[in-house]
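# Structural description and commentary
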Amino acid sequence: MAKPVYLGLVHYPIYNKNNEIVTTAITNFDIHDIARTARTYNVLKYFIIHPLEAQKALAEEIISYWQEGYGGQYNPDRKEALSILEVIPDIAAAVDYIAAKEGMPPIIVTTDARNYDNTVSYAKLRQQLSDTDRPFLLLFGTGWGIENAVMKQFDYILEPIYGPGNYNHLPVRAAVAIILDRLLGEYWWKNT
C-alpha cells in the first residue's frame, strides 16, 4: 500500500531563464489545476511554498472564494480539491508539518529536466512508495527549476520526463499530472 504523499510547489529559490535566482509568482492555474490533480491521486496536502506575504494573501483570497465564498456553493468539486491546499513560507515548514502529522520526517523527492547523482526512476520510486514506512514529499519547481544547492539536499530527484522529440519544457501543471499518474495511478498496463 502506498504511503502518505504530500506535494509542494516551490516558488523560491528558483532559477529564471537567465539562470538568476528569483521568486516566481503564484498563478491561478497552478492553484486550481494542481489541487484538482493532487486530490484525484489522494495527495494528503498540497503546499504552495512562497515566502512573500503579498503573494500568500493573493493565494489565500482565491482559496477562500472557493472554500467559503460563492465559488464553493457553485462548484463543490473545486471546493473539495482546494480543501487540501495550504500556503506556507518555505520547504522547511512543509517538512515540519509532515513530521508533526506523520510522526517522522518525509522522504523528499523533487523533479528536474536534468539528471543528478541521486536521480531515481519512476519504477523504483513507485516501489519505494509501497515498501517504506516513511511519508513522501514531492516537490515541483516553478520557473526554470529549483536552485542547485537546494536540490542537493533532497533524498531523490525523479528522472526527467521525455517526449518523443527534443523539446523539453513542460508546464508544471502537466508535469505534476504525469508524475502523479506514474507514481500513484492505476497499473493500467497490467490490465491489457
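Since the structure is predicted, the reported quantities are computational estimates derived from the model, not experimental observations. (Residues numbered from 1 in each chain as written. Predicted model: local features only at pLDDT ≥ 70, side-chain atom pairs only at ≥ 80, totals over all residues. Heavy atoms only, no water.)

## Some details on the overall build of the protein
Helix and strand content of the protein: 8 helices and 9 strands. For 192 residues, the compact-globule estimate of 2.2 N^0.38 gives 16 Å, and the protein sits close to it at 16 Å. Here the C-alpha coordinates of the protein stretch approximately 45 × 45 × 40 Å along the principal axes. A total of 192 residues make up the protein; the buried ones form 44% of that total. Sequence-distant contacts, at least 24 apart, represent 81% of the contacts inside the protein between residues at least 6 apart. Summed over all atoms, the accessible surface of the protein reaches about 10300 Å², with 51% contributed by carbon and sulfur. Considering the protein, the positive charge centre built from 17 side chains and the negative charge centre built from 22 side chains are found 4 Å apart. (Helix = DSSP H or I, 4+ residues; strand = E, 2+ residues; numbered from the N terminus. Rg over C-alpha atoms; globule rule 2.2 N^0.38 Å. Buried < 20%, exposed > 50% of the residue type's maximum accessible area, 1.4 Å probe, protein only. Contact = heavy atoms within 4.5 Å. Areas by Shrake-Rupley, 256 points an atom, 1.4 Å probe, with all protein chains shown as cover. Lys, Arg positive; Asp, Glu negative; His and termini not counted. Charge placed at Lys NZ, Arg CZ, Asp CG, Glu CD.)

## A short note on helix H5 (residues 91-102)
What sets the pattern is the α-helix's 3.6 residues per turn: residues three or four places apart point alike. Over its 12 residues, H5 runs 16 Å from end to end, which matches the ideal 16 Å to within 8%, given 1.5 Å per residue. All of the buried residues along H5 are Ile91, Ala94, Val95 and Ile98. The buried residues of H5 occupy an angular sector of 100° when projected down its axis, which confines them to one face. What points out from H5, more than 90 degrees from its buried face, is the exposed set Asp96 and Ala100. Packed against the buried residues of H5 are strand E1 (5-10), strand E4 (45-49), strand E5 (85-88), strand E6 (107-111), strand E8 (136-141) and helix H7 (148-151). For H5, the side-chain oxygen to backbone nitrogen distance between the N-cap and Ala92 is 3.4 Å, and the N-cap itself is Asp90. (Expected span 1.5 Å × (residues − 1). Arc of directions from axis to C-beta. Polar contact = N/O pair within 3.5 Å; in protein donor to acceptor, adjacent residues only side chain to side chain.)

## Here's the deal with the sheet that holds E4
Spatial strand order, E5-E4-E1-E8-E6-E9-E7: 7 strands in an open sheet with parallel pairing. Whereas interior strands pair on both sides, the edge strands pair on one side only; in this sheet they are E5 and strand E7 (119-120). Its contacts with the sheet place helix H1 (residues 28-40) against E1, E4 and E5, and it is angled at close to 155° to E4. (Pairing = 2+ DSSP bridges. Axes fitted to C-alpha atoms, helices over the stretch in contact; angles between N-to-C directions.)

## Considering the environment of Ile26
Looking at the element boundaries, Ile26 is found in the loop between strand E3 (21-22) and H1. Note: C-alpha distance between Ile26 and Val10 (16 residues apart in sequence) is 9.6 Å. Setting aside its immediate chain neighbours within four residues, Ile26 contacts His11, Ile31, Ile48, His50, Gln55 and Ala59.

## Description of the layout of surface pockets
Each pocket or cavity is described by its volume, and for the largest pocket that value is around 540 Å³. Among the secondary structure elements, those contributing two or more residues to the lining of the largest pocket are E8 and helix H8 (172-184). Of all the elements, H8 adds the most residues to the lining of the largest pocket, at 3 residues. A class-by-class count of the residues in the lining of the largest pocket yields 13 nonpolar, 7 polar and 3 charged. (1 Å grid on protein atoms, 1.4 Å probe; cavity = no way out; pocket = protein on both sides within 12 Å on 5 of 7 lines; lining within 4 Å. Points joined across faces, edges and corners; volume = space filled by probe spheres on them. Nonpolar A, V, L, I, M, F, W, Y, C, P; charged D, E, K, R; others polar.)

## A closer look at the UniProt feature "domain: tRNA (guanine-N(1)-)-methyltransferase C-terminal" (unreviewed entry) in the protein
Within this numbering scheme, the UniProt entry marks residues 5-185 as carrying the feature "domain: tRNA (guanine-N(1)-)-methyltransferase C-terminal" (unreviewed entry). Along residues 5-185, the helical share is 44% and the strand share 19%, with 13 Å between the first and last C-alpha atoms. (UniProt positions renumbered as here; feature names shortened; annotations may be inferred.)

## Describing the packing of aromatic side chains
Summed over all chains, the structure comprises 5 aromatic pairs. An aromatic cluster of three or more residues is present, and its members are Tyr6, Phe47 and Tyr97. Over the aromatic face of Tyr122 sits the side chain of Arg182, whose NZ or CZ is 4.7 Å from the ring centroid. (Phe/Tyr/Trp six-rings, centres within 6.5 Å; stacked < 30°, edge-to-face > 60°. Lys NZ or Arg CZ within 6 Å of the ring centre and 35° of its normal.)

## Comments concerning unusual backbone geometry
Put simply, Tyr12 and Pro13 share a cis peptide bond, and its omega is 0°. Despite not being glycine, Asn19 shows a phi value in the positive range, around 65°. Relative to the assigned elements, Asn19 resides in the loop between strand E2 (14-15) and E3. Given a relative accessible area of 56%, Asn19 falls into the exposed group.

## Details of the pairing of E8
Counting buried residues in E8 gives 6 out of 6 residues, a clear majority hidden from the surface. Neither face of E8 is exposed, since Phe136, Leu138 and Phe140 on one face and Leu137, Leu139 and Gly141 on the opposite face are all buried. Examined bridge by bridge, E1 and E8 share 6 bridges and lie parallel to one another. When the sheet's bridge partners are listed, Val10 is paired in E8 with Gly141.

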